[in-house]
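Here's the letter readout for the chains.
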Amino acid sequence: MSGYFKDLFGGTKSLAVGLGITFRYMCKPVVTLQYPHESLKMTPRYRGHIELVGDEETGLPKCVVCGMCQKTCPSNCITLAGEKTEGAKTKSLTMYTLDFTKCSLCGQCVESCKFGAIDFSKDYNLAGPRKEAFIFDLLKRLEEKS
Ligand code: SF4
Ligand code: SF4
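Conventions we followed
Here the residue numbers are simple positions, counted from 1 along each chain's written sequence. Labels follow written order: the first chain is A, the first ligand is 1, and so on. Where totals are concerned, whole chains, interfaces and linings use all residues; where local detail is concerned, this predicted model gives features only for residues with pLDDT of at least 70, and gives and counts side-chain atom pairs only at 80 or more. Processing note: side-chain calculations cover all non-hydrogen atoms of the structure and skip hydrogens and water entirely. The numbering of helices and of strands both runs from the N terminus, where a helix is a DSSP run of H or I of at least 4 residues and a strand a run of E of at least 2. We call a residue near a molecule or strand as soon as one heavy atom of that residue lies within 4 Å of the molecule or strand. Any residue that is not Ala, Val, Leu, Ile, Met, Phe, Trp, Tyr, Cys, Pro, Asp, Glu, Lys or Arg is counted as polar, Gly included; the first ten are nonpolar and the last four charged. Salt bridges are defined as contacts in which a side-chain nitrogen from Lys or Arg sits within 4 Å of a carboxyl oxygen from Asp or Glu. Partly exposed residues are those whose accessible area sits between 20% and 50% of the maximum for their type, while under 20% is buried and over 50% is exposed, using a 1.4 Å probe and protein chains only. Two strands make a pair as long as DSSP finds a minimum of two bridges between them. A fitted line through C-alpha atoms represents every axis, and for helices the fit uses only the stretch in contact; the resulting angles, taken between N-to-C directions, go from 0 to 180 degrees.

Trainee: Explain unusual backbone geometry to me, using residue names and the numbers behind them.
Mentor: Put simply, tyrosine 35 and proline 36 share a cis peptide bond, and its omega is 10°. Within the secondary structure layout, proline 36 lies in the loop between helix H1 (2-26) and strand S1 (50-52). The phi dihedral of valine 65 falls on the positive side, at around 60°, and the residue is not glycine. Along the chain, the position of valine 65 falls in the loop between S1 and helix H2 (68-72). Even without being a glycine, leucine 105 presents a positive backbone phi close to 60°. Position of leucine 105 relative to the elements: it lies in the loop between strand S3 (92-99) and helix H3 (108-112).

Trainee: Describe in detail the site of ligand 2, supporting the description with residues and values.
Mentor: Close to ligand 2 lie Cys73, Pro74, Ser75, Cys77, Leu98, Cys103, Ser104, Leu105, Cys106, Gly107 and Cys109. Broken down by class, the residue content of the shell around ligand 2 amounts to 8 nonpolar, 3 polar and no charged.

Trainee: Give a detailed account of the pattern of salt bridges, specifying residues and quantitative values.
Mentor: Within this structure, the stated rule accounts for 3 salt bridges. With a shortest N-O distance of 2.8 Å, arginine 141 and aspartate 123 are connected by a salt bridge. Of the two residues, arginine 141 sits in helix H4 (residues 138-145) while aspartate 123 sits in the loop between strand S4 (118-120) and strand S5 (135-137), which places them 18 residues apart along the sequence. For arginine 130, the salt bridge identified is with glutamate 132, shortest N-O distance 3.7 Å. The class for arginine 130 is exposed, based on a relative accessible area of 52%. With a relative accessible area of 44%, glutamate 132 lands in the partly exposed category.

Trainee: Summarise the sheet that holds S3; cite the residues concerned and give the values.
Mentor: Ordered in space as S2-S3-S5, the 3 strands form an open sheet in which the pairing is antiparallel. Each having just a single partner strand, strand S2 (78-83) and S5 make up the two edges of the open sheet. Averaged over all pairs of adjacent strands, the angle between their axes in this sheet comes to 15°, without regard to strand direction. As paired strands, S3 and S5 are joined by 3 bridges and run antiparallel to one another. Paired with aspartate 99 across the strands is isoleucine 135, a residue of S5.

By themselves, these are just geometric observations and shouldn't be taken as functional.
Spelled out as structure tokens, the structure:
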């Protein structure tokens, strides 16, 4: 009989301790997010895949098609093209593709761009069933953003 009351006391005590912890954490600020409905805001120095930067006024790419990022990329991830229209001082970008499957996020392309035309994105939760899903048309992405 004493064993019965001992177990009962032990169980009640354990339940009270557990409930105490639960109530204590219920009153604390929430630190988890309801992923994927909510996403974390990444830190300023986070490196996602590169993306084109648009002009603040026009939204058009700042890229002048100098080709430095393409030349400097050690993994040949970047393919770009441009054309010069009549009267324009610089070329206009017509294609900018990033093969993110080969990118090591070394940052050499961003450092080599003297026009501030590319930067790291804050995308961190990419997923796809095929590797082709990670070949990005960065010009199209910029157009969709602006
Ligand atoms: S280095 Fe900059 S300006 Fe030159 S092609 Fe690359 S993104 Fe464009
Ligand atoms: S971060 Fe490095 S590997 Fe990736 S595209 Fe730029 S230069 Fe190439």
